[in-house]
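Geometric and topological summary
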Amino acid sequence: MEPRRRERRVIAIAGAAALVAVGLNIAFSAVVAHRRRKRRELPGFTAQVNLSAAAIKRTTDRIISKSRETYDSVAAVPLDKVSFANVIAPLAELDALQFPLVQACVLPRMVSPSEDVRKASAEAEKLLDSHFVLCRQREDVYRVIKAFTVKGERIGPEATRFLQFLVKEFERNGVKLSQSKRKEMEKLKSHIDALNLKYLQNLNDFTKFLLLGEDELAGMPFEFLKDLEKADGKFKVPLTSYHVTPVLEHCKVGSTRKQIAVAYGQKGGKDNVAILENLVQLRHKFAKLLGYTNYADFAIEPRMPKTSRKILEFLEEMSEQLSDVANRELNILKDLKIKEEGNAQFGMEDLLYYIKRAEEFKVDLDVGEIKQYFPVGLVISGMLKIFQDLFALRFDEIKDVDVWHDTVRVFSVWDASSSDLLGYFFLDIFSREGKYAHTCVVTLQNGCLCSNGTRKVPAAVILSQCPKEFDGNSALLRFPEVVRLFHEFSHVVHHVSNRATFSRFSGLRLEGDFAEIPSLLLENWCYESISLKMMSGFHQDITKSISSEACQSLKRRRDLFAGLKMKQEILLCLVDQIIHSSENVDIDDLIKDLHPKVMLGIPLLEGTSPASSFPRIAFGYDAVCYSYIWSEVFAADLFVSKFKDDLLNQHAGLRFRNKVLAPGGSKDPLEIITDYLGREPSLQPFIQSRTRNSL
């Protein structure tokens, strides 16, 4: 589930972080007044999930007003009178009380059936986001907080961690800068944002296509060709990923694959390369203003590795350890090309095609047939049972709760042994117009302990776009959709398992690379027979689950050519890390140099520049592209070490829930995982488990 830019956003989508304090004691009466009729209350849950456009605006205004009052009251504390009670506790308490109200304002943008409500929510998000940044730039409040840190009042370890995060958030927003330097910082941010948008706009405006004859598209499925427009007796192939990927996977003509790959690799062109180089320089200036050596160290500081140097060492070690298996994989592909095309040089344009051919030889799997075994209702019920059994939980559906659409289902989550209420989740999984288009998790309320001794319980929404039932028949899910749902529901369980005291450390407000580890760990259950059979059943006879052979094929397909696939990802992550940790790097020269070294001698396609069409580096994941690989490695170690031999071992699951999920962000994540494993995490489980079956 989160790059620097998204961390400034209000909505806490899985893996995203950071909602700052917004104010105490907002009157709840205005929020409650919008209700059309009395609905069932949820104990420990205060978020409203069905606000009108007018109510969103009123609540947003009150949030901002009360937030200013609260910050003013903290700023007014005399420096010689500072204490935890009058400085830190109010800031922690307001976060706990107001987070659900903020989410009530910004969630409708993603889910409301009303266009007016969605617009009001989007506007609220912009206003609140801007306000939160201004809050963290207040020198008067920062001065009081710093005075408390000097005082040396004894507080607990979680409170100490909260204080450290608080101070760092102010400092990363430039509060220590002079007025002139702060203005410079704002100009840099504005310039960076404008270039980000320009880079993306260039990609979106790219509308080129190639005209190719039927013989040049030999091997392409009829379904692909019939949807293409024709011009001058040839097929018009748009240079979009939707069209390019199938050609690179299926076209038997090597020259066509190369032509398509080169044309697509020029997307964005020299203009985007220049924009990216400019962006990198501006980011370095931004980081140096704040006292960092380079931009990478700024971006990585709040994450698990802490420094760019550690990431570079990690990526280089990964690349080296994968080289042997990746070489064996590449030789298999080269042999296939010789058999099919003769002694032509193997290039990047050949990777997808020959991986697909090898998959056909090595994996007996009919994707269309597999889909018949995953009716959406059965997948959901099986998924819930797996999580209940593994983590000693109980899910109870609650009826007659106020929701934003009649297809939304609400569940309470209980500890199966103690019968303690742990939290709630909302299932909003069916497609409809105006709804957010991707599968994700949104937090509605954070778990925390309030000053009056009561506990707010965590609550979250899982969003998806599953097809609806048709003529009484349950819609079917493609296997990747099953995996995505399982992954995102893992975030829900992570969130509701939280037992941290502070709202700031609730389940999904974590370091971006830590937030994804539990979900990537639990994805493994989607590739094992015992759990897949619990989520599957033939749509015409649900007692007939997916076969063990099909389960093995799904896992084998995931792992096939894992070394080469990971090498490509490592290459891009190295480029991202090097350009953001060094100055005056010629990006094109860097890629030309790195490409054959990482990709085992395969040269960069002549005339292309990955830097021109790599939106993750340009926008959102700048300097943190590494995080997915990092999280995968940690997840593989946890799976192999603790779960692989007994997937439904409730003792192991409960220990994981209590040791890894429950602390949320209240402890250092590396310490949490090291303590749980009894040692430092290792690369080897990932290397061995993913590459054992790759050939």
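Residues numbered from 1 in each chain as written. Predicted model: local features only at pLDDT ≥ 70, side-chain atom pairs only at ≥ 80, totals over all residues. Heavy atoms only, no water.

1. Digging into the sheet that holds strand S10 (residues 459-466)
Pairing in this open sheet of five strands is mixed, and the strands run S4-S5-S6-S10-S7 from one edge to the other. Of all strands in the sheet, those with a lone pairing partner are strand S4 (393-398) and strand S7 (440-445), marking the two edges. When strand polarity is set aside, the average angle formed by the axes of neighbouring strands in this sheet is 25 degrees. Bridge count between S4 and strand S5 (residues 409-415): six bridges; the pairing is antiparallel. (Pairing = 2+ DSSP bridges. Helix = DSSP H or I, 4+ residues; strand = E, 2+ residues; numbered from the N terminus. Axes fitted to C-alpha atoms, helices over the stretch in contact; angles between N-to-C directions.)

2. A look at the domain arrangement of the protein
Each domain of the protein was delimited in the assignment, giving domain 1 (53-174), domain 2 (177-206 + 271-362 + 560-694), domain 3 (208-266) and domain 4 (370-555). The gap between the C-alpha centroids of domain 2 and domain 4 is 27 Å. Counting from both sides, the interface comprises 33 residues of domain 2 and, opposite them, 32 residues of domain 4. Carbon and sulfur atoms make up 70% of the surface buried where domain 2 meets domain 4, a total of about 2900 Å² over both sides. Counting the surface domain 2 buries against domain 4, the share from its top three residues, Leu 647, Leu 648 and Arg 657, is 24%. Seen at the junction of domain 2 and domain 4, the total is one salt bridge. Ionic pairing is found between Asp 415 and Arg 657, a salt bridge with its closest N-O pair at 2.5 Å. There are 10 residue pairs in polar contact (both at pLDDT 80 or more) connecting domain 2 and domain 4. Put simply, the parts of the chain that give the side of domain 2 that touches domain 4 at least two residues each are helix H27 (627-642), helix H28 (650-661) and helix H29 (669-677). Residue contributions to the side of domain 2 that touches domain 4 peak at nine residues, all from H27. Residue composition of the side of domain 2 that touches domain 4, grouped by class: 22 nonpolar, eight polar and three charged. (Domains from an automatic or database assignment. Contact = heavy atoms within 4.5 Å. Buried area = accessible area lost by both parts, 1.4 Å probe. Salt bridge = Lys/Arg side-chain N within 4 Å of Asp/Glu carboxyl O. Polar contact = N/O pair within 3.5 Å; in protein donor to acceptor, adjacent residues only side chain to side chain. Nonpolar A, V, L, I, M, F, W, Y, C, P; charged D, E, K, R; others polar.)

3. Here we look at unusual backbone geometry
Of note in the backbone geometry, Ser 419 takes a positive phi value of approximately 60 degrees without being a glycine. On the secondary structure map, Ser 419 appears in the loop between S5 and strand S6 (421-430). Classification of Ser 419 as partly exposed rests on a relative accessible area of 41%. At Asn 584, a position not held by glycine, the phi torsion is positive, near 60 degrees. (Buried < 20%, exposed > 50% of the residue type's maximum accessible area, 1.4 Å probe, protein only.)

4. Quick word on the environment of Ala 54
Here Ala 54 lies in helix H3 (residues 53-75). Judged by its relative accessible area of 43%, Ala 54 falls in the partly exposed class. Residues Ala 54 and Val 117, spaced 63 residues apart in sequence, show a C-alpha to C-alpha distance of 8.4 Å.

5. Overview of the pattern of salt bridges
In this structure the tally under the stated criterion is 38 salt bridges. Between Glu 169 and Arg 136 there is a salt bridge; the shortest N-O distance is 3.0 Å. Pair noted here: Glu 169 is in helix H8 (residues 157-172) and Arg 136 is in the loop between helix H6 (115-135) and helix H7 (139-151), with a separation of 33 residues, a long-range link. Residues Lys 385 and Asp 389 are paired through a salt bridge, measuring 3.0 Å at the closest nitrogen-oxygen approach. Of this pair, Lys 385 and Asp 389 both sit in helix H18 (residues 376-391), four residues apart, which is roughly one turn of the helix.

6. A look at H28
One full turn of an α-helix is made of 3.6 residues, so residues set three or four places apart face in the same direction. Listing the buried residues of H28 in full gives Ala 652, Gly 653, Phe 656, Arg 657, Val 660 and Leu 661. One face of H28 carries all of its buried residues, which in axial projection span an arc of 140 degrees. (Arc of directions from axis to C-beta.)

7. Here's the deal with the state of the cysteines
Note: disulfide means a covalent bond formed between the sulfur atoms of two cysteine side chains. Tallied over the full model, the rule gives zero disulfides. Here Cys 466 stays unpaired: no disulfide links it, and the sulfur of Cys 440, its closest cysteine neighbor, is 12 Å away. (Disulfide = S-S within 2.5 Å.)

8. Considering the packing of H27 against helix H30 (residues 684-691)
Taken N-terminus to C-terminus, the directions of H27 and H30 make an angle of 80 degrees; their axes are 7 Å apart at the nearest point. Here H30 runs roughly perpendicular to H27, going by the angle between their axes. Residue-level inspection shows Glu 632, Val 633, Ala 636, Asp 637 and Val 640 of H27 in contact with H30, the latter providing Pro 685, Phe 686, Ser 689 and Arg 690. (Parallel < 35°, antiparallel > 145°, perpendicular 65-115°, else oblique.)

9. Topic: the environment of His 595
Mapped onto the fold, His 595 is located in helix H25 (residues 587-598). Of the residues examined, His 595 reaches a relative accessible area of 4% and is grouped as buried. The spatial distance from the C-alpha of His 595 to the C-alpha of Leu 571 is 6.9 Å, given a sequence separation of 24 residues. Apart from the residues lying within four places of it in its own chain, the contact partners of His 595 are Met 348, Leu 571, Ile 602, Pro 603 and Leu 604.

10. Quick word on the sheet that holds strand S2 (residues 229-231)
The strand order across the open sheet built from three strands is S1-S3-S2, with neighbouring strands paired in antiparallel fashion. Each edge of the sheet is formed by a strand with only one pairing partner; in this case those strands are strand S1 (209-212) and S2. Averaged over all neighbouring strand pairs, the angle between strand axes comes to 40 degrees, with direction disregarded. When S1 meets strand S3 (residues 234-238), the two strands line up antiparallel, connected through four bridges. Among the inter-strand pairings, Leu 211 is bridged to a residue of S3, identified as Lys 236.

11. Concerning the pairing of S6
Burial runs high along S6: eight of the 10 residues are buried. Sheet analysis places S5 next to S6, joined by six bridges and oriented antiparallel. Each bridged residue has a counterpart across the sheet, and for Phe 411 the counterpart in S6 is Phe 425. Between S5 and S6, which pair antiparallel one after the other, the connecting turn spans five residues, and Ser 419 there sits at a positive phi close to 60 degrees.

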